[in-house]
Amino acid sequence: MEHRIVTFGEVLLRLTPPGYLKLSQTNMFAATFGGSETNCAVSLAHFGLKSEFVTRFPKNDIADACLAELRSHGIETGNIAFGGERLGLYYYENPAAQRVSKVVYDRANSSFATLKPGMIDWTHVLKGATWLHWSGIGPGLSQDIADATLEAIRAAKQAGLTVSCDLNYRKNLWQYGKPAQDVMRPLLELTDVLFGTGSEYKVVYGVEPVVFKARSADEAIDLDRYQRFFEETNAKAGGDKKLFLALRNTLDANHHVFTGLVYSGGKMIKARTHAIEHVVDCVGVGDAFAAGMIYGLIHYTGDDASALEFAVAAGTLKNTIYGDFNLVTAEEVKALMKSSDGENISR
């Protein structure tokens, strides 16, 4: 069976000062494109899957450049809607040592932010697709986009697609007067596979997360506490979903410890833990994990342990690549998976 994955969201122009300059120091920027659902689509295409990205673009030279970039990665763009005035952008300040990264958004009134229900014919878009992926970023921008996302999800479920979501809670985006929990819950009720961090699950389901404090790859974690976290979250989520959880401890800008868990059918599995001691760019790591999760669930059917290992390895490799996009192949991810002497831990 040939799989076709459709992702829906916003692509942004990313402007980054060279090296480790602060935004207040620079008079030049490196320009790249990115965005959660875009990043996921790029990863899936590089993994060899048929990948389509759906969004709304203005008709101008910046949008044309972005389209060319997306197409260069093998992404289908034929169902992108056009209208509005501008492509959103964000400024990104690289972290250094104990100084954390900084993001400044400039995306108000972008073409995507002004998208409304009915602008995209989801029955047409999803014809022949097998999977729809969305994230919490879009619904955080406006009720209109939340409603458009619900349109997409309902059409996907009616067509028999699997639906996944990266919770992707961004506090600064939720400015239109509705709590994230109230907006996200109806969308997630129709979603089959969830991915996020502990704090993002807490926003939606109110379950207190377990703090990940591992300082090395071989440090044990309290699996019993994570089991209880999943059981409580699963009960509130409806009890029939796959729940993926990313765990990251940032020791400093260059040294991260990273792993993940999956919970399904009452069983929890932990992946190998990776110590990343030279982080090049950690933007898009969660998106790489989410794309790896989708690939893993498709190619390791019935084997959640291998699907999780692929997702975590994909996220680990993203830390080594500049920009938002994870430019690695499935073979490279599998090579990292095979390099481990460890075993999955199930509960």
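Above this text sits the structure in question.
Here goes a summary of the coordinates provided. (Residues numbered from 1 in each chain as written. Predicted model: local features only at pLDDT ≥ 70, side-chain atom pairs only at ≥ 80, totals over all residues. Heavy atoms only, no water.)

1. Here's the deal with the pattern of salt bridges
Oppositely charged side chains can form a pair if their charged atoms are brought close together.
Alright, step 1. Evaluated as defined, the whole model comprises 14 salt bridges.
Alright, step 2. The salt bridge partner of Asp324 is Arg14, with a shortest N-O separation of 2.9 Å. Here Asp324, found in the loop between α10 (304–318) and α11 (330–338), pairs with Arg14, found in strand β2 (residues 12–16); they are 310 residues apart in sequence, far enough to count as distant. Per residue, the accessibility class of Asp324 equals that of Arg14, and both read buried.
Alright, step 3. Taken together, the shared-partner salt bridges in this structure form one network comprising Arg4, Lys50, Glu52 and Glu76. (Salt bridge = Lys/Arg side-chain N within 4 Å of Asp/Glu carboxyl O. Helix = DSSP H or I, 4+ residues; strand = E, 2+ residues; numbered from the N terminus. Buried < 20%, exposed > 50% of the residue type's maximum accessible area, 1.4 Å probe, protein only.)

2. So, the packing of aromatic side chains
Alright, step 1. Considering all chains together, one arrives at 14 aromatic pairs under this definition.
Alright, step 2. For the ring pair Phe47 and Phe310, a centre distance of 5.2 Å and an interplane angle of 75° mean the geometry is edge-to-face. With Phe47 in the loop between α1 (36–46) and β4 (50–54) and Phe310 in helix α10, this residue pair connects regions lying 263 residues apart in the sequence.
Alright, step 3. A residue is classified by how much of its surface remains accessible, and Phe310, at 0% relative accessible area, is buried.
Alright, step 4. With centroids separated by 5.8 Å and ring planes inclined at 25°, the aromatic side chains of Trp174 and Tyr176 adopt a geometry described as stacked.
Alright, step 5. Residue classification places Trp174 among the buried positions, given a relative accessible area of 11%.
Alright, step 6. Residue classification places Tyr176 among the partly exposed residues on the basis of a relative accessible area of 24%.
Alright, step 7. Clustering of aromatic rings is evident, with ring pairs tying together Phe47, Tyr295, Tyr300 and Phe310. (Phe/Tyr/Trp six-rings, centres within 6.5 Å; stacked < 30°, edge-to-face > 60°.)

3. Here we look at the side chain of Arg56
Alright, step 1. With respect to the helices and strands, Arg56 occurs in strand β5 (residues 56–57).
Alright, step 2. For the buried Arg56, no salt bridge exists, and the shortest N-O distance to an oppositely charged side chain is 7.8 Å, to Glu85.
Alright, step 3. Reaching out from Arg56, the side chain makes a polar contact with the backbone oxygen of Ser111 at a distance of 2.8 Å.
Alright, step 4. Here Arg56 is in contact with Ala81, Phe82, Gly83, Gly84, Ser111, Phe112, Thr114, Leu115 and Met119, once residues within four sequence places are set aside. (Lys, Arg positive; Asp, Glu negative; His and termini not counted. Polar contact = N/O pair within 3.5 Å; in protein donor to acceptor, adjacent residues only side chain to side chain. Contact = heavy atoms within 4.5 Å.)

4. Some points on α11
Alright, step 1. Among the residues of α11, those classed as buried are Ala330, Val333 and Leu336. Across the axial projection of α11, the buried residues extend over an arc of 125°, all falling on one side. Exposed residues lying more than 90 degrees from the buried face of α11 are Glu331 and Lys338.
Alright, step 2. The inward-facing, buried residues of α11 contact α1, β15 (274–276), α9 (285–299) and α10. (Arc of directions from axis to C-beta.)

5. Let's talk about the environment of Pro139
Alright, step 1. The topology assignment puts Pro139 in helix α4 (residues 137–141).
Alright, step 2. Judged by its relative accessible area of 1%, Pro139 is buried.
Alright, step 3. A C-alpha to C-alpha distance of 8.4 Å links Pro139 and Trp174, two positions 35 residues apart in sequence.
Alright, step 4. Beyond its immediate stretch of four places on either side in the chain, Pro139 contacts Trp134, Ile145, Ala146, Thr149, Trp174, Tyr176, Val183, Met184 and Leu187.

6. What to know about the nonpolar core
Alright, step 1. Ranked by size, the top nonpolar core spans 55 residues in total, and within it Trp122, Leu126, Leu132, Leu188 and Tyr226 carry the most contacts.
Alright, step 2. With eight residues, helix α5 (residues 143–158) is the single largest residue contributor to this core.
Alright, step 3. Those residues within four positions of Trp122 in sequence are excluded, and the remaining contacts are Val6, Phe8, Val54, Ala148, Glu151, Ala152 and Ala155.
Alright, step 4. In this structure, Ile276, Tyr295, Ala307 and Ala330 belong to the second largest nonpolar core, which totals 40 residues. (Core = buried A, V, L, I, M, F, W, Y, C linked by side-chain atoms within 4.5 Å.)

7. Some words on the packing of α1 against α9
Helix-helix packing is characterised by the crossing angle of the two axes and by the distance between the axes.
Alright, step 1. Direction vectors running N to C along α1 and α9 enclose 45°, while the axes themselves pass 8 Å from each other. Judged by the inter-axis angle, α1 sits oblique to α9. Pair α1 / α9 crosses with right-handed handedness. On α9, the residues touching Ser36, Asn39, Cys40, Ser43 and Leu44 of α1 are Asp287, Ala288, Ala290, Ala291, Ile294 and Tyr295.
Alright, step 2. Of the residues contributing to the contact of α1 with α9, the split by class is seven nonpolar, three polar and one charged. (Axes fitted to C-alpha atoms, helices over the stretch in contact; angles between N-to-C directions. Parallel < 35°, antiparallel > 145°, perpendicular 65-115°, else oblique. Left-handed = near helix turned anticlockwise from the far one by under 90°. Nonpolar A, V, L, I, M, F, W, Y, C, P; charged D, E, K, R; others polar.)

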